[in-house]
Amino acid sequence: MTIQHNLGASERTRLNSRSAWEMDRDHVLHPYADFTTFAATGSQVIEKAEGMFVTDSTGQRFLDGIAGLWCVNIGHGRREMADAIARQVLDMEYYNPFGASTNVPAAELAARLADLSPGSLNHVYYTCGGSTANDAAIRIVHYYFAMRGQPGKRKIISRNNAYHGATYVAAGLTGIHGTKYGFSQVGEDFIHHVSAADCYAKPMDMTEDAYRDFLVAEFEMRIEQLGPQNVAAFIAEPIMGAGGVLVAPKGYHRAMQAVCRRHDILYIADEVVTAFGRLGEWFASDRIYETQPDILVSAKGITSGYIPLGATLISDEIHAVISRPQCEGGVFAMGLTYSGHPVACAAALTNIAIMEREQLLAHAARVGAYLQQRARLLLKHDIVGDVRGGGLMLGIDFVADKVTRQPLPAHEKATEKIFKGCVERGVIVRPVGNRIILSPPLIITESQCDEILEAISGSVADFMAAR
Ligand code: PLP
């Protein structure tokens, strides 16, 4: 453990005598902490990471099936990333991005993003992560319509089960009900939700096409209800991630975008998870879903999680409107100290260079197809109701009954037990509700896919045997 050098000797001794586990338990407030167990169990302290593996403070090594948290796309512990970050710190660690001041990596990365992203998404507003990038997207939408003389056109339609982040507006956009308790519903006056697009949840006697048409009709109805003159934007993840790797019916995104176009509603693609190779492309919107977002939100894989960065990409058309002078001396008053942080942008440029040199997009597409196909073998288990996803993004649902899709009773703690079984087998997966989610680094091999799936299969079998 590294202790800061400017601490006094006695303070250093006191801190050294306490383990990271203990200090964490006593002082760190974790996202999604379960306070019923945390005080007793504390955290698993991850100390080392390399390639596909992480090692905890007890020396146990795990195959990382979730890329940290959907983000370490190029794999852990790359010296090239450390060098790029160190070089930028020594060249110029930080200077402010406000007004007309910039830095070289922020400018170069913006040009790269304009190049790689779909259509005319040629302008980027940098943030510190996915939540702040979604907040920025909504502020830009409101500003855009205000500049067009339509300040009343400000409602945003999101979807149930969507995950868009933890800052207050991003949390408002989020449609996972379990995240809402105890917090104020900020944005209640302008954020609305429609149904999730979830092929596994569609009525069994409905075809996929009919389900898509139903969702699109529901969306149109909601727009009519709210008044198209009041609706500013629709926001959607190409595949819902944290909501459970929920896959939309074929043609859904394209049809939703057509509705948006008809009503002058902006289409925001939240590609925080799906961009930078997870689905085998730089961005999924155009290449996989044939959509052309007006705003595209990215984070996570943009730096492979080596350092925080978010990016809100906007179209030429939006830029043309928001860059009109409001009045003499009027400015675009939306500033983050760390917008375009040079170290984060330098990391992103190196991350992109690594992905290109190692052809990680093509690799992810190929190994992703293998993972999706091999994962279907898990359906042999009575409690595995569905296996689905795209690229290197997979969801596995556990059910009590495959026909009714009734979930397993909560008291059986199936997901928790299966997750623990995987950990005992040296594999980290992600338990979410009644499902396990996978999102491994893009460098994963076919045999490592097998290893992860065998760990899940073995843990499912153990769980069933012990019921
Ligand atoms: N959007 C999506 C689709 C996400 O999955 C996440 C995080 O998981 C976010 C936004 C929020 O990103 P961050 O946690 O970097 O703020």
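Throughout, a residue's number is its position along its own chain's written sequence, starting from 1. With the structure being a predicted model, the display of local features is reserved for residues of pLDDT at least 70 and the display and counting of side-chain atom pairs for 80 or more, all residues being used for whole-chain, interface and lining totals. With hydrogens and water stripped out, all remaining heavy atoms of the structure feed into the side-chain values.

Draft legend 1. Geometry of the overall build of the protein. Numbering of helices and strands runs from the N terminus; a helix is a DSSP stretch of H or I covering at least four residues, while a strand is a stretch of E covering at least two. If you tally the helices and strands in the protein, you get 16 helices and 15 strands. Our radius of gyration is a C-alpha quantity, and the globule rule it is checked against amounts to 2.2 Å times the number of residues to the power 0.38. For 467 residues, the compact-globule estimate of 2.2 N^0.38 gives 23 Å, and the C-alpha radius of gyration of the protein, at 23 Å, lies within 12% of that figure. Referenced to the eigenvectors of the C-alpha coordinate spread, the extents of the protein come out at roughly 65 × 65 × 45 Å. Think of it in three bands: residues with accessible area under 20% of the maximum for their type are buried, residues over 50% are exposed, and the middle band is partly exposed, with areas taken using a 1.4 Å probe on protein chains only. Evaluated residue by residue, the protein yields a buried proportion of 51% over its 467 residues. In this analysis, two residues are considered to be in contact whenever any of their non-hydrogen atoms come within 4.5 Å of each other. By sequence separation, contacts in the protein at least 24 residues apart represent 70% of the contacts at least 6 residues apart.

Draft legend 2. The side chain of His-341, seen in detail. In this fold, His-341 is placed in the loop between helix H12 (316–322) and helix H13 (342–357). Identification of polar contacts relies on pairs of N or O atoms within 3.5 Å, with a donor-acceptor requirement for protein atoms, meaning one able to donate a hydrogen and the other able to accept it, and with residues adjacent in sequence counted only if both atoms are side-chain atoms. Among the polar contacts made by the side chain of His-341, one reaches the main-chain amide nitrogen of Val-343 at a distance of 3.1 Å. For His-341, the contacting residues outside a window of four places in its chain are Glu-93 and Tyr-94.

Draft legend 3. Structural view of the sheet that holds strand E8 (residues 266–270). One requirement defines pairing of two strands: DSSP has to find at least two bridges between them. Taken in spatial order, the 7 strands line up as E4-E10-E9-E8-E7-E5-E6 in an open sheet, and their pairing is mixed. Looking at which strands have only one partner, the edges of the open sheet turn out to be strand E4 (123–127) and strand E6 (191–194). Ignoring which end each strand starts from, the neighbouring axes of this sheet average 20 degrees apart. Sheet topology note: the strand E9 (residues 295–298)/strand E10 (residues 310–314) ladder contains 4 bridges and is antiparallel. Bridging from a neighbouring strand, Ser-298 pairs with Ala-311 of E10. Angular values range over 0 to 180 degrees, each being the angle between N-to-C directions of two axes fitted as lines to C-alpha atoms, with helices fitted over their stretch in contact. Contacting strand E5 (155–159), E6 and strand E7 (231–236), helix H9 (residues 208–226) runs over the sheet at an angle of about 150 degrees to E6.

Draft legend 4. Examining the packing of helix H6 (residues 104–116) against H13 more closely. Between H6 and H13, the least distance of the axes is 8 Å, while the angle of their chain directions is 40 degrees. Taken as axis vectors, H6 and H13 run oblique relative to one another. Judged by the twist between their axes, the crossing of H6 over H13 is left-handed. Residue-level contacts link Pro-105, Ala-106, Glu-108, Leu-109, Arg-112 and Leu-116 of H6 to Pro-342, Cys-345, Ala-346, Ala-348, Leu-349, Ile-352 and Glu-356 of H13. Residues are grouped as follows: nonpolar covers Ala, Val, Leu, Ile, Met, Phe, Trp, Tyr, Cys and Pro; charged covers Asp, Glu, Lys and Arg; every other residue, Gly included, is treated as polar. Partitioning the contact of H6 with H13 into residue classes produces 10 nonpolar, no polar and 3 charged. For classification, angles of less than 35 degrees are called roughly parallel, those exceeding 145 degrees roughly antiparallel, those between 65 and 115 degrees roughly perpendicular, and all remaining angles oblique. Each helix crossing is assigned a hand: it is left-handed if the near helix lies turned anticlockwise from the far helix by less than a right angle, otherwise right-handed if that turn is clockwise.

Draft legend 5. A look at H6. Helix span is expected to be 1.5 Å times the residue number reduced by one. Taking 1.5 Å of rise per residue, 13 residues should cover 18 Å, and H6 covers 18 Å from first to last C-alpha, within 8% of that figure. If you check which residues of H6 are buried, you get Pro-105, Ala-106, Leu-109, Leu-113, Ala-114 and Leu-116. On an axial view of H6, the arc spanned by its buried residues comes to 170 degrees, and they lie on one face. Across from the buried face of H6, at angles greater than 90 degrees, the exposed residues are Val-104 and Asp-115. In this structure, the buried residues of H6 make contact with helix H5 (79–92), E4, E10 and H13. In this structure Asn-103 caps H6, since a side-chain oxygen of it lies 2.8 Å from the backbone nitrogen of Ala-106. When we speak of the arc, we mean the arc of directions from the helix axis to the C-beta atoms.

Draft legend 6. How the structure looks around the nonpolar core. Leu-109, Phe-234, Phe-276, Ile-396, Phe-398 and Ile-456 are the most contacted members of the largest nonpolar core, which has 81 residues in total. The residues that make up this core include at least three from each of domain 1 (44–74 + 360–466) and domain 2 (80–357). Apart from residues no more than four positions distant in its own chain, Ile-396 is found in contact with Leu-378, Val-384, Asp-386, Val-387, Asn-434, Arg-435, Ile-436 and Ile-456. In this description, a nonpolar core means a group of buried Ala, Val, Leu, Ile, Met, Phe, Trp, Tyr and Cys residues linked to one another through side-chain atoms lying within 4.5 Å. Core analysis: the second largest hydrophobic core is formed by 30 residues, Ile-138, Ala-232, Ile-318 and Ile-322 among them. Domain start and stop points were drawn from an automatic or database domain assignment.

Draft legend 7. Looking closely at the packing of aromatic side chains. Only rings of Phe, Tyr and Trp enter the pairing, Trp through its six-membered ring, and a pair is recorded when the two centres are within 6.5 Å. The plane angle decides the type: under 30 degrees is stacked, over 60 is edge-to-face, the rest tilted. Using the criterion set out here, one finds 8 aromatic pairs in the structure. By definition here, charges over rings are those cases where NZ of Lys or CZ of Arg is within 6 Å of the ring centre and within 35 degrees of the ring normal. Over the ring of Phe-53 we find Arg-61, and its NZ or CZ is 3.8 Å from the ring centre.

Draft legend 8. Structural view of the sheet that holds strand E11 (residues 384–390). If you trace the 4 strands from one edge of the open sheet to the other, you get E11-E12-E15-E14, paired in antiparallel fashion. Across the chains shown, the open sheet's two edge strands, defined by having one partner strand only, are E11 and strand E14 (430–432). Sheet twist, expressed as the average angle between the axes of neighbouring strands with direction ignored, equals 20 degrees. In this sheet, strand E12 (residues 393–398) lies alongside E11 in antiparallel orientation, the contact comprising 6 bridges.

Draft legend 9. Quick look at the side chain of Ser-315. Looking at where Ser-315 falls in the secondary structure, it is placed in the loop between E10 and H12. Exposure remark for Ser-315: the relative accessible area of 7% places this residue in the buried category. When near neighbours in sequence (up to four residues on either side) are disregarded, Ser-315 contacts Ser-120, Leu-121, His-123 and Asp-294.

Draft legend 10. Focus on the domain arrangement of the protein. Split into domains, the protein comes out as domain 1 (44–74 + 360–466) and domain 2 (80–357). Summed over both partners, the interface of domain 1 with domain 2 buries about 2,500 Å², with 63% contributed by carbon and sulfur atoms. Accessible area that two parts lose when put together, evaluated with a 1.4 Å probe and summed over both, is termed the buried area. Together, Ile-74, Leu-361 and Arg-405 form the three largest contributors to the area buried by domain 1 at its contact with domain 2, with a combined 28%. One speaks of a salt bridge when a side-chain nitrogen belonging to Lys or Arg is within 4 Å of a carboxyl oxygen belonging to Asp or Glu. Inspection of the domain 1/domain 2 interface yields 0 salt bridges. Connecting domain 1 to domain 2 are 15 residue pairs in polar contact (both at pLDDT 80 or more). Breaking the side of domain 1 that touches domain 2 down by element, the ones donating at least two residues are helix H4 (67–70), helix H14 (360–375), E11, E12 and strand E15 (435–438).

Draft legend 11. Structural context of unusual backbone geometry. One non-glycine residue with positive phi stands out, namely Val-245, at about 50 degrees. Among the structural elements, Val-245 can be located in the loop between E7 and helix H10 (252–262). Owing to a relative accessible area of 0%, Val-245 belongs among the buried residues under this scheme. A positive phi angle is found at Gln-359, which is not glycine, with a value near 50 degrees. Here Gln-359 is to be found in the loop between H13 and H14.

Draft legend 12. Looking closely at the pairing of E12. Taking burial as the measure, the 6 residues of E12 include 6 buried ones, the bulk of the element. Covered by surrounding structure in E12 are Met-393, Gly-395 and Asp-397 together with Leu-394, Ile-396 and Phe-398, the residues of both alternating faces. Counted between consecutive antiparallel strands, the loop separating E11 from E12 contains 2 residues, among which Gly-391 sits at a positive phi close to 50 degrees. The sheet contact formed by E12 and E15 spans 4 bridges and is antiparallel. Opposite Asp-397, over in E15, you have Arg-435 as the bridge partner.

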